[in-house]
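# Summary of the model geometry
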Amino acid sequence: MAEFPNPLPKVSIDSEGPTLAQIIRHLRYANQIALRAQSFGHHPFGATLVAPDHETTLLSQGNVDTVNHAESVLIRSATTNFGPDYLWDCTLYTTVEPCAMCAATQYWGNVGRLVYGLSESRLLELTGNHPENPTLDVPCREIFQRGQKAIAVIGPIAEVEMEIANVHQAFWQNSH
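This write-up is about the structure you can find in this document. Worth saying up front: this structure is predicted, and the values here are computed from it rather than measured.

## Some thoughts on the overall build of the chain
A tally of helices and strands in the chain yields seven helices and five strands. From first element to last, N terminus to C terminus, the chain shows the α and β order α-β-β-α-α-β-α-β-α-α-β-α. In the chain, buried positions account for 48% of the 176 residues. Within the chain, contacts between residues separated by at least 24 positions form 67% of all contacts whose residues are at least 6 apart in sequence. Total accessible area on the chain is roughly 8,700 Å²; 53% of this is exposed by carbon and sulfur atoms.

Below is the structure:
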C-alpha cells in the first residue's frame, strides 16, 4: 500500500460551492462508479455530474477505453442534455484529476466547477510506467489557466484520497 508522507493542505471551499460533506459523498459515489467500470473490464475511473443544488446527481460515467475517459464521455452527454448556462453552475466530480483531454472537454463543455479526489501526479506514482496508462503530467489547473473561463478546481481531497489510491494500486499492480 502506498503511503503519502506529507498530509495534503486543507482545500479551500468557496461559500457558493459544495460543502466538504457533499464533496466526500459525491467522490465516494464516483469511486463506486470506478469500481463498476473495473468490474466490466475497464480502467477504474469514475465521474459524476452534480446539479447546481450540490445534491442531485445528473449523470454518472465510468471509464470506457483509452480515448473515451469517464469525464469526456460524461461531458459530451451532458452537453446534449443541458444548456451551457446550466452546466456552468454544475460540478464535475471525478476520482482522479482529469487528464489534458478531459480537462479540455470540461472547458469546452462549459462545466464551471471540478472536484477530484486523487491528483494525476499521485496516479503516476501508483501506475509508474504502465503501458496502459501513459500519463501526461499536465495539471488540469494549468490547462484551465490558459483559457478564458474561470473554472473552479477543488482537489485533491485528503479525506478520500487513500480510498481512491487503494483501488488504483490494486488494479495497476494486478493488470498486465
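Structure's up, so let's keep going.
## Looking at the state of the cysteines
Across all of its chains, the model carries zero disulfides by this definition. Looking at the unpaired C102, the closest cysteine sulfur is the one in C99, lying at 3.8 Å.

## Comments concerning helix α4 (residues 100-109)
Every buried residue of α4 is accounted for by C102, A103, T105, Q106, Y107 and G109. Packed against the buried residues of α4 are α2 (70-81), α3 (84-88), β3 (91-96), β4 (113-118) and α6 (140-145). One or two residues past the end of α4 sits N110, with phi positive at roughly 70°.

## Some points on the sheet that holds strand β1 (residues 46-50)
If you walk across this open sheet you meet the five strands as β2-β1-β3-β4-β5, and the pairing is mixed. Each edge of the sheet is formed by a strand with only one pairing partner; in this case those strands are β2 (57-62) and β5 (152-154). Averaged over all pairs of adjacent strands, the angle between strand axes in this sheet comes to 15°, irrespective of strand direction. Where helix α5 (residues 120-127) meets the sheet, it contacts β3 and β4, and its direction lies at approximately 30° from that of β4. Here helix α7 (residues 158-174) sits on the sheet in contact with β3 and β4, set at roughly 65° to β4.

The rules behind the values
Residues numbered from 1 in each chain as written. Predicted model: local features only at pLDDT ≥ 70, side-chain atom pairs only at ≥ 80, totals over all residues. Heavy atoms only, no water. Helix = DSSP H or I, 4+ residues; strand = E, 2+ residues; numbered from the N terminus. Buried < 20%, exposed > 50% of the residue type's maximum accessible area, 1.4 Å probe, protein only. Contact = heavy atoms within 4.5 Å. Areas by Shrake-Rupley, 256 points an atom, 1.4 Å probe, with all protein chains shown as cover. Disulfide = S-S within 2.5 Å. Pairing = 2+ DSSP bridges. Axes fitted to C-alpha atoms, helices over the stretch in contact; angles between N-to-C directions.

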